[in-house]
Amino acid sequence: CGLNRRPPDTYLAGYIADRGEPAIPILLTKLEQEPDELSQVSIIRIFELMAAKGLLRSRSDVLSRIRTVISHMRVSVFKDMASKSLEKMTQSST
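What you see is a predicted model; the values in this text were computed from it and never measured.

Peer 1: Looking at this model, I keep getting lost on the nonpolar core. Mind explaining?
Peer 2: The tendency in soluble globular proteins is for nonpolar side chains to be buried as a group. In terms of nonpolar packing, the biggest core is built from 26 residues, with Leu27, Ile44, Phe47, Met50, Leu56, Ile66 and Met89 touching the most fellow members. Elements with a minimum of two residues in this core: helix H1 (13–17), helix H2 (23–33), helix H3 (37–52), helix H4 (60–71) and helix H5 (76–92). Looking at this core element by element, the count peaks at seven residues for H3. Setting aside anything within four residues of it in sequence, one finds isoleucine 66 in contact with Leu28, Leu31, Ile44, Phe47, Leu86 and Met89.

Right, dumping it as structure tokens:
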């Protein structure tokens, strides 16, 4: 799987997002356990694609967990990138 590389292969993001609902728990676990912030941003972008496809509607629990990960980021560039993705997810999920 492309998530095991550093940084993850971003070209696989669409394929991972297409897995839909079954991928959400796996991605959340990976996101919360991943120490590398660039990898976290890559995972958050997968969630952004999922949200654009309508897969995160009524999933405030997912958005809340992503928000928590972002709040712990230390590198401002990565935090800004992740925050912008979260903002897009929030707009797509309403």
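Following the structure, the description resumes.
Peer 1: Mind showing me how you'd approach the pattern of salt bridges here?
Peer 2: If the charged atoms of two oppositely charged side chains come close together, the side chains can form a pair. Summed over all chains, the structure comprises six salt bridges. Close ionic contact of glutamate 21 with arginine 59 constitutes a salt bridge, the shortest N to O distance being 2.4 Å. With glutamate 21 in the loop between H1 and H2 and arginine 59 in the loop between H3 and H4, this pair connects stretches of sequence that are 38 residues apart. Across the pair lysine 88 and glutamate 48 runs a salt bridge whose closest N-O atoms are separated by 3.6 Å. Here the residue lysine 88 occupies a position in helix H5, and glutamate 48 occupies one in helix H3, the gap between them amounting to 40 residues.

Peer 1: Could you clarify how one ought to interpret H4 in this entry?
Peer 2: Structural remark: α-helix, 3.6 residues per turn; residues separated by three or four positions point the same way. Here H4 is 12 residues long and its end C-alpha atoms lie 16 Å apart, about the 16 Å a rise of 1.5 Å per residue gives. Within the sequence span of H4, burial applies to Val62, Leu63, Ile66, Val69 and Ile70. End-on, the buried residues of H4 take up no more than an arc of 120°, which puts them together on one face. On its buried face, H4 sits against H2, H3 and H5.

Parameters at a glance
- Residues numbered from 1 in each chain as written.
- Predicted model: local features only at pLDDT ≥ 70, side-chain atom pairs only at ≥ 80, totals over all residues.
- Heavy atoms only, no water.
- Core = buried A, V, L, I, M, F, W, Y, C linked by side-chain atoms within 4.5 Å.
- Buried < 20%, exposed > 50% of the residue type's maximum accessible area, 1.4 Å probe, protein only.
- Helix = DSSP H or I, 4+ residues; strand = E, 2+ residues; numbered from the N terminus.
- Contact = heavy atoms within 4.5 Å.
- Salt bridge = Lys/Arg side-chain N within 4 Å of Asp/Glu carboxyl O.
- Expected span 1.5 Å × (residues − 1).
- Arc of directions from axis to C-beta.

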